[in-house]
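Summary of the model geometry
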Amino acid sequence: MRHIISILMENEAGALSRVAGLFSARGYNIESLTVAPTNDPSLSRMTLVTTGTDEILEQITKQLNKLIDVVKLQDMTEGEHIEREMMLLKVRVADTEARDEVKRLTDIFRGHIVDVTETIFTIELTGASDKLDAFIDSVDRFPILEVVRSGTIGISRGEKTLSI
């Protein structure tokens, strides 16, 4: 099962490598990992996506809680949450027909064309991972030159927060 773990941790050098090291030492896979400072400059929020059984997730949670840098963590998949990912995609559009079709698809998926040259569009798209995958599938008849994805971030719905 896929799990989104949100971790509030001290904004210190080496904290990220300790979390990644914990996963690699135990043979657990990280599907995506995002980290950024919070509104409190002494804390960072890490969003980690992994897969595993409930038993494996319990072990991951216990090990993460033992790390001195970890202040608090939450498995987002336990409750209602909102998740998003951002993607930048560079696609070759050789003629007017291709340009019009890529523009149309970008509008359908509520994306934005953020850079244009004579033959290349760079498109920004935000949404759930499935939406981004569907967009890639819809434009794959045009040459995709490059894809960059941020990885999943998530936040609980309603009053529930991850804070100290």
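Below is a short write-up of the structure. (Residues numbered from 1 in each chain as written. Predicted model: local features only at pLDDT ≥ 70, side-chain atom pairs only at ≥ 80, totals over all residues. Heavy atoms only, no water.)

The helix and strand tally for the protein chain stands at four helices and nine strands. Scanning the protein chain from its N terminus toward the C terminus, one meets helices and strands in the order β-α-β-β-α-β-β-α-β-β-α-β-β. Referenced to the eigenvectors of the C-alpha coordinate spread, the extents of the protein chain come out at roughly 55 × 35 × 30 Å. By residue count, 38% of the 164 residues in the protein chain fall in the buried class. When the accessible surface of the protein chain is summed, it comes to about 9400 Å², and 51% of that surface belongs to carbon and sulfur atoms. Of note, the protein chain has its 19 positive side-chain charges centred 1 Å away from the centre of its 27 negative side-chain charges. (Helix = DSSP H or I, 4+ residues; strand = E, 2+ residues; numbered from the N terminus. Buried < 20%, exposed > 50% of the residue type's maximum accessible area, 1.4 Å probe, protein only. Areas by Shrake-Rupley, 256 points an atom, 1.4 Å probe, with all protein chains shown as cover. Lys, Arg positive; Asp, Glu negative; His and termini not counted. Charge placed at Lys NZ, Arg CZ, Asp CG, Glu CD.)

Under the defined criterion, the tally for this structure stands at nine salt bridges. The salt bridge partner of Lys-62 is Glu-58, with a shortest N-O separation of 3.2 Å. On the criterion of helical spacing, the pair formed by Lys-62 and Glu-58 is a turn pair, its members being four residues apart in helix H2 (residues 54-66). For Lys-62, a relative accessible area of 44% corresponds to the partly exposed category. Since its relative accessible area comes to 43%, Glu-58 is described here as partly exposed. Between Glu-101 and Arg-104 there is a salt bridge, with the nearest N and O atoms lying 2.8 Å from each other. Taken together, the positions of Glu-101 and Arg-104, both in helix H3 (residues 96-108) and three residues apart, correspond to about one turn of that helix. Residue classification places Glu-101 among the buried positions, given a relative accessible area of 18%. (Salt bridge = Lys/Arg side-chain N within 4 Å of Asp/Glu carboxyl O.)

To continue, consider the sheet that holds strand E4 (residues 70-75). Judged by pairing direction, the sheet is antiparallel, and its four strands sit side by side in the order E2-E3-E1-E4 without closing on themselves. On the outer flanks of this sheet lie strand E2 (30-37) and E4, each paired with one strand and no other. Averaged over all neighbouring strand pairs, the angle between strand axes comes to 15°, with direction disregarded. Where helix H1 (residues 15-26) meets the sheet, it contacts strand E1 (2-10), E2 and strand E3 (43-51), and its direction lies at approximately 20° from that of E3. (Pairing = 2+ DSSP bridges. Axes fitted to C-alpha atoms, helices over the stretch in contact; angles between N-to-C directions. Contact = heavy atoms within 4.5 Å.)

Take the environment of Arg-92 next. Here Arg-92 shows up in strand E5 (residues 81-92). On a C-alpha basis, the gap between Arg-92 and Ile-144 in space is 6.4 Å, while along the polypeptide they are 52 residues apart. Once residues lying within four places of it in the same chain are set aside, the contact partners of Arg-92 are Thr-119, Ile-120, Phe-142, Pro-143 and Leu-145.

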